[in-house]
There are 4 protein chains.
Amino acid sequence: MTDTLRPDAELAPVAEIAEAEGPLRVAMIGHGFMGAAHSQGWRVAPRFFDLAREPEMTVVVGRNAAAVEHAARKWGWAEAATDWRDVIARDDIDVVDVVTPGDTHAEIAIAALEAGKHVLCEKPLANTVAEAEAMTEAATQAAERGIRSMVGFTYRRVPAATFARDLVAAGRIGEIRQVRAEYLQDWLMDADAPLTWRMQKDRAGSGALGDIGAHAVDLTEYITGQKVTTVSGIIETIVPERPLLGESVGLSGTASTERGAVTVDDIALFTGRLDSGALASFEATRFRTGRKNALRIEVAGSLGAISFDLERLNELDFYDATLPETELGFRRILVTEHDHPYLSPWWPTGHMLGYEHGFSHQVYDFVTAIVAGTQPLPSFDDGLHVQRVLDAVERSSAAGSMWTPTD
Amino acid sequence: MTDTLRPDAELAPVAEIAEAEGPLRVAMIGHGFMGAAHSQGWRVAPRFFDLAREPEMTVVVGRNAAAVEHAARKWGWAEAATDWRDVIARDDIDVVDVVTPGDTHAEIAIAALEAGKHVLCEKPLANTVAEAEAMTEAATQAAERGIRSMVGFTYRRVPAATFARDLVAAGRIGEIRQVRAEYLQDWLMDADAPLTWRMQKDRAGSGALGDIGAHAVDLTEYITGQKVTTVSGIIETIVPERPLLGESVGLSGTASTERGAVTVDDIALFTGRLDSGALASFEATRFRTGRKNALRIEVAGSLGAISFDLERLNELDFYDATLPETELGFRRILVTEHDHPYLSPWWPTGHMLGYEHGFSHQVYDFVTAIVAGTQPLPSFDDGLHVQRVLDAVERSSAAGSMWTPTD
Amino acid sequence: MTDTLRPDAELAPVAEIAEAEGPLRVAMIGHGFMGAAHSQGWRVAPRFFDLAREPEMTVVVGRNAAAVEHAARKWGWAEAATDWRDVIARDDIDVVDVVTPGDTHAEIAIAALEAGKHVLCEKPLANTVAEAEAMTEAATQAAERGIRSMVGFTYRRVPAATFARDLVAAGRIGEIRQVRAEYLQDWLMDADAPLTWRMQKDRAGSGALGDIGAHAVDLTEYITGQKVTTVSGIIETIVPERPLLGESVGLSGTASTERGAVTVDDIALFTGRLDSGALASFEATRFRTGRKNALRIEVAGSLGAISFDLERLNELDFYDATLPETELGFRRILVTEHDHPYLSPWWPTGHMLGYEHGFSHQVYDFVTAIVAGTQPLPSFDDGLHVQRVLDAVERSSAAGSMWTPTD
Amino acid sequence: MTDTLRPDAELAPVAEIAEAEGPLRVAMIGHGFMGAAHSQGWRVAPRFFDLAREPEMTVVVGRNAAAVEHAARKWGWAEAATDWRDVIARDDIDVVDVVTPGDTHAEIAIAALEAGKHVLCEKPLANTVAEAEAMTEAATQAAERGIRSMVGFTYRRVPAATFARDLVAAGRIGEIRQVRAEYLQDWLMDADAPLTWRMQKDRAGSGALGDIGAHAVDLTEYITGQKVTTVSGIIETIVPERPLLGESVGLSGTASTERGAVTVDDIALFTGRLDSGALASFEATRFRTGRKNALRIEVAGSLGAISFDLERLNELDFYDATLPETELGFRRILVTEHDHPYLSPWWPTGHMLGYEHGFSHQVYDFVTAIVAGTQPLPSFDDGLHVQRVLDAVERSSAAGSMWTPTD
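Below is a short write-up of the structure. Every value quoted in this text rests on a predicted model; they were computed, and no experiment measured them.

Across a regular strand the side chains alternate sides, sitting on one face of the sheet and then on the other. Residues and elements named next belong to chain C. Burial along strand β6 (residues 149–152) is two-sided: S149 and V151 facing one way and M150 and G152 facing the other are all buried. Sheet topology places strand β5 (residues 118–122) next to β6; four bridges connect them, and they run parallel. Among the inter-strand pairings, L120 is bridged to a residue of β6, identified as M150. In terms of handedness, the path from β5 via helix α5 (residues 129–144) over to β6 forms a crossover that is right-handed.

Quick look at the structure:
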């Protein structure tokens, strides 16, 4: 790790912990795509990172008994359960990992914190600001009792993104002049793709804005070390009606001949102002044809710039404006050196990491903070702030793109 | 040329012109950076393109007698003159090429049109909408007398950009879903760079917005075939004060210890809606550290996408969404084939064109339209519309980024 | 998987296996870098792939008791042992996974095959052709008894490389015209890096040639479906002497002031002829400054080309020469679609895989072949052929680069 | 210009020349593709560069009277002539520019030198070593009389290539460890493309080897400052027979149904050793599907590396190995700064140059050397050496790729 650059909370003095307190027993609530990714994190992190307490994949929870049994076997959890309240009440659980859809985050996370469990909650923290506030309040109270909470913006933990933050924090790009952050996908470009819950506001909260725009906002705030204070923007639905799913519910259901209204945004375009006054422009879209998972951020400063693209996640482009004029240029750094963030326990130089490695890094940081008694980051407060930015974007859009404060 | 795709105005039946009407005698008003580029166009175009009338570089005009004499020798004009009104009155001039700063465009162009000269006017058409309207009115009246006028958005004539337009016009990317257009530079990132006329609103009209944002708007309208109807945006000055120039005026003047106010924008961020309702987001900036001349446009459609970057101007990225799913990807087309737009008279495949080739293409299209008696594009009307977009952006910015119609 | 394109051996009819035969109990001999990678494969593959028999990480073997105990705990093996002969003799072992240095491969693998264990052996198959021949002979005899063997050229199992093979096999690039394969690293560019066993011929067999050149040869033969029949080349040591390691042996030992001779090559440059007569040029080097792990292959054919670079392992560049001339270009395919090879059990489109995923794919293919009773690929025979190519390169180099047959 | 790095011969003290000696009157022998490019150089160079003597495009020479008349008009030469001997004998000619096919270079160039004309001769210098030796001998004798000669390897004068040389010469990449140089095209990949003179040994001398391999050799020698002393390689014809051209001779002739033998190479693969002992590997091919004009060179040194690709000719990738390990990477330098080689008279930063700009740079250097009385580079001696390398490659290929000295 690049120790000199990383904040204390993430550099807990693990070595000083005289005695391990036994394994960290984890209950995971939910078992969809994120459940698979988190399971991989819990399974793999202890093999590569020195964790002061070894995680145990104790129980996975889901409403459908057969499905959760299958998930337990598939993803390697010792038990399956169907009632998360029962599980939270158990004495043999230390950590609750919430990977359900956003509309249930608040209830589960708050109950788990009150039950004295450390909570890792997937992003977005909640579907509404009010829920996120309640969660943050619960997290604050829990922290006084030594209970830790963290929100799962794992893209902070792609080593190239972490290293970008390190460079910015070390002053290598100087004073931040402007930011461009975009998250481009195209999986909804087929206008006849069926209408799933992700396109329904009551279930999903929002569309591209909350699903992927949230990552663009968090990454901007993380890398710059600043918050978005006010926004002007527009959200829009490009395909307003889609075929309803047929009888067999689920993502794989056949499309019906009836059509229903898409009630979330397909695209969100907004501009924000950071603490320092610098402008940041954002785009989140599911309609950028040909772009599959392009979370990109470029931060321009008075002394340099960094540029990152999740589609080439092992690379960071760095421009050092202090070099001689004839030698200026964006430098493609392969972020795979032993001294790059999170890299020391992995493979030799030039051997690439993939998507799910971030989940191991998340486990490492979370467990380290629990054992060290420090606040893991991003905190629920960080997650709440992202939620406030998203909410302000929706309000700005409804008000003719008028500038709208986030707090 | 890709004849099947290009509009009639640019495909004038030159071959049918039975008899050439003699050379086309050109007067160029102004002789700065644009004068050099235009001179190169007038000199080189006839060597590579079959022009129905051969241009003659008759006279170059500037206020400073010594400077214009030097320019005439350097850039190869037969004569130098100091009074543009005298030159416009001459019978032996057929074309007036206006490459002065924007605040003088209207007066010169209108006078030239009234004097019966064909006019090529550098972009932006004017510094204000009112001036641009007057010029357009003059152009319309002149057209009735067979006098042609064109505005110099030469980036349309980079073959890769023209080919992008051709692909869009041919329906290859389907219905346009969204557009991203940005023009990124960093030449003002030094906060102590001196305050020149380009940073003074009374001289330059605007900053990044008019200087380079205008290109992003024109290229968007050109490639999509649609106009921007309404905008929401913000313009901002990042470095509000700069050292005044010392005694020796000019760009190379030494900076004084006094500082003056920068009265134009350094950065413009705006969103526009196209005729079809599709959203386009724009950025023009002189502060994107490390980006030198990155005019980039990406157009996403229901059947594909195109992506262009002026820093790699011989390439076009094309995504054809109709291919099999496992074979989808952006294709890097080297736009250097004989059958690509404007390429047939140049070099063999893979031999690159540079910045100034667009000025030869401009001469070719302009002369062709004059001889064919058709309207060369972009017309003053096109230039006026770009001016209206820029004006609406300024008004939107002043009104808290409220959506503002362009007409 | 792209079933239609992949050969039978890799498409074993797993579904038809009526009844699983219980877990597949694995002993891994060795526990260095490759041990870590193989452990990750054995651990992770069953979570993502449907394996007809579940692997059990039964025992890891190493000479140093303390070290192997540590490895067992770290990498998750149930037991540690110090005598590989004892382990091979155990009835509760089904598979022997050999990840020791090359000079011990033959002895261990042959003994394991004779003991009736399926064998997965890391590349290079052996340090000499004679050893590799003996191993292949043992593998052939074992196969008659239903015992399977495979050599670990995992880069075949990077999905983009597999997909390249699929495209070639499907005739998409037509008749192969020429091949360029290179594996570029720079980790020895410091002339004062200490002399380790990897630079000693008696231990390592060869230098860049066998370590990384072997991958370039195997990938060429895999993707083209052809063998290298004759070669002309040169191998060379760029830094002939290096500091000896000091007292504390091991990679991290301090360098001594004495210097010793480097007895292996730093760079290998050779040309080979394929079965079809096409020429392939190869480069393996530890001195290509700035290149970290650039295993690149480009295959040019009469109808198209493919281009792959391990430093961007989720991408394949594909050139389809049958498209219209103005639309030709290398297409950057993100090989992350559900229908790409090996991708279906992993993440959604655009979520990247990393280096070690290939080891899960290897486990999947190996287990599938064992259960199906088919020959897993690459076979020991394939590994022997690579060894013969490397040997012929050394002989050609010694003979003034004279063309030298590989068989 | 980066004055500190460039050798004296190219930094002639032009400013000290008290008085110009009048215009430099040029006769160009030949008027094909190279004639067009050279004409553009003679026309444009004086507009951008300060030349101590202004070139005059006096006369163009060709065997076919009608064709050369047309060329004179098209390319802007004052006169056309059909007998080069007459032209060379004229008193009003100062410079002879030879752009005919290689088999006539020797006769024309030697005669011109003997007639006291400065000679610029297109590459390759000649079709055989013997001719090249005679030319070099004539050049040496002429030099004693103040007559200058230069061979036209213009790719040295792409600013990014020149800047690469500057960096190497300044020691920025340290001691050269190895070189990779390749020139990849695919214009012959159609096996039914007709057999033109370029595929006939008696006319063209060789195929890919002399046409484009020569550039790879020259650029290697230029950038490294070293010569290739010995080679091992193979040349090969991939499509051995092609349709003969029909009745209407010329490149555009229709293919006949008869086929004839291709007597030159389609591909050349060779390895060379430089003065310092470093190895350089070369590839020249007309069959690398999808590569249009990819002259690429990468030079790896003990302190860094440079990488250049003619398909992106305004860029140079530079790797500075002396930076901190976590910040290492290839830096994409846009070679468009005022202080980059040849750039000062051209456009602002970020405005790209194209293929033919190198011909203006060639004129500038040639004229500067003539006026300064210094040896312009590359000299005929440099051209002779390239010829010897090519010849050695052919001999090595014929001798089973045996290593063959170039001198």
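Further remarks concern the pairing of strand β16 (residues 330–334) of chain D. Across the five residues of β16(D), five count as buried, placing the element largely inside the fold. Taking every second residue as pointing to the same face, both faces of β16(D) are buried, with D:F330, D:R332 and D:L334 on one and D:R331 and D:I333 on the other. Pairing of strand β16 (residues 330–334) of chain A with β16(D) involves three bridges; the strand directions are antiparallel. Across the sheet, A:R332 pairs through a bridge with D:F330, a residue of β16(D). Sheet topology places strand β15 (residues 315–320) of chain D next to β16(D); five bridges connect them, and they run antiparallel. Within the sheet, the bridge partner assigned to D:F318 lies in β16(D) and is D:R331.

Residues and elements named next belong to chain A. In this structure, P124 follows K123 across a cis peptide bond, with omega equal to -10°. Topologically, P124 is positioned in the loop between β5 (118–122) and α5 (129–144). The linkage connecting L377 with the following residue, P378, adopts the cis geometry, with an omega of 0°. You can see P378 is positioned in the loop between α9 (357–372) and α10 (380–398).

Turning to the relation of the copies chain A and chain C, a few remarks are in order. The two chain copies are connected by a rotation around an axis plus a translation along it. Once turned by 180° and shifted 0.0 Å along the axis, chain A lies on chain C with an RMSD of 0.0 Å. Expressed as a symmetry operation, the mapping of one chain copy onto the other fits a two-fold axis. Looking at the rotation axis and the C-alpha trace of chain A, the residue lying nearest is A:G354, at 2.0 Å. Of all interface residues in chain A, 100% are interface residues in chain C too; the two copies therefore contact each other through one and the same surface.

It is worth spelling out the sheet that holds strand β5 (residues 118–122) of chain B at this point. All names here are of chain B. Pairing in this open sheet of six strands is parallel, and the strands run β3-β2-β1-β4-β5-β6 from one edge to the other. Edge positions in the open sheet fall to β3 (79–81) and β6 (149–152), since each of these has one partner strand only. For this sheet, the mean inter-axis angle between neighbouring strands, taken without regard to orientation, is 20°. One ladder, built from four bridges, connects strand β4 (residues 95–98) with β5; its direction is parallel. Within the sheet, the bridge partner assigned to D97 lies in β5 and is L120.

This paragraph deals with the relation of the copies chain C and chain D. Note on the copies: chain C fits chain D at an RMSD of 0.0 Å, the axial shift is 0.0 Å, and the rotation between them is 180°. With an isologous cut-off of 70% or more, the 97% of interface residues of chain C that recur at the interface of chain D puts this contact in the isologous class.

Another point: the interface of chain A and chain C. At the junction of the two partners, chain A supplies 21 residues and chain C supplies 21 residues. Of the residues belonging to the side of chain A that touches chain C, the class tally is eight nonpolar, eight polar and five charged.

The next subject is helix α2 (residues 65–75) of chain C. Within α2(C), the full set of buried residues consists of C:V68, C:A71, C:A72 and C:W75. Down the axis of α2(C), the smallest arc covering the buried residues is 100°, so these residues share one side. Residues of α2(C) that are buried make contact with α1 (33–48) of chain A together with α1 (33–48), β2 (55–61) and β3 (79–81) of chain C. Within two residues after α2(C), C:G76 carries a phi angle of roughly 85°, on the positive side.

The next thing to look at is the interface of chain C and chain D. Every contact between the two is made by 31 residues of chain C and, on the other side, 30 residues of chain D. Secondary structure elements with two or more residues in the side of chain C that touches chain D: β7 (176–184), β8 (228–236), β11 (267–274), β12 (279–285), β13 (294–301) and β14 (304–309) of chain C. Looking at the side of chain C that touches chain D residue by residue, the classes come out as 15 nonpolar, twelve polar and four charged.

Reading the values: rules and limits
Residue indices follow the written sequence of each chain, beginning from 1 at its first position. To read the labels, note that chains go from A and ligands from 1, taken in the order they are written. Given that the model is predicted, a residue must reach a pLDDT of at least 70 before its local features are reported, and side-chain atom pairs must reach 80 or more before they are shown or counted; all residues, however, enter totals for whole chains, interfaces and linings. Three classes are used. A residue is buried when 20 or more other C-beta atoms lie within 10 Å of its own, exposed when 12 or fewer do, and partly exposed in between, with C-beta atoms placed from the backbone. Going along the chain from the N terminus, every DSSP run of H or I of four or more residues is numbered as a helix, and every run of E of two or more is numbered as a strand. Pairing between strands is defined by DSSP: at least two bridges between them are needed. By definition, the crossover connecting two strands over a helix is right-handed if that path, from the first strand to the second, turns clockwise as seen with the strands pointing away from the viewer. All copies are superposed by least squares; the fitting set is the C-alpha atoms of residues with a pLDDT of at least 70 in both. Residues are defined as contacting one another if the C-beta atoms placed from their backbone atoms lie within 7 Å. In this analysis, axes come from line fits to C-alpha atoms, helices being fitted only over the stretch in contact, and the angle between any two N-to-C directions falls in the range 0 to 180 degrees. Throughout this entry, Asp, Glu, Lys and Arg are counted as charged residues, while Ala, Val, Leu, Ile, Met, Phe, Trp, Tyr, Cys and Pro are counted as nonpolar. The remaining residues, Gly among them, count as polar. Starting at the helix axis, one direction is taken to each C-beta atom, and the arc is that of these directions.

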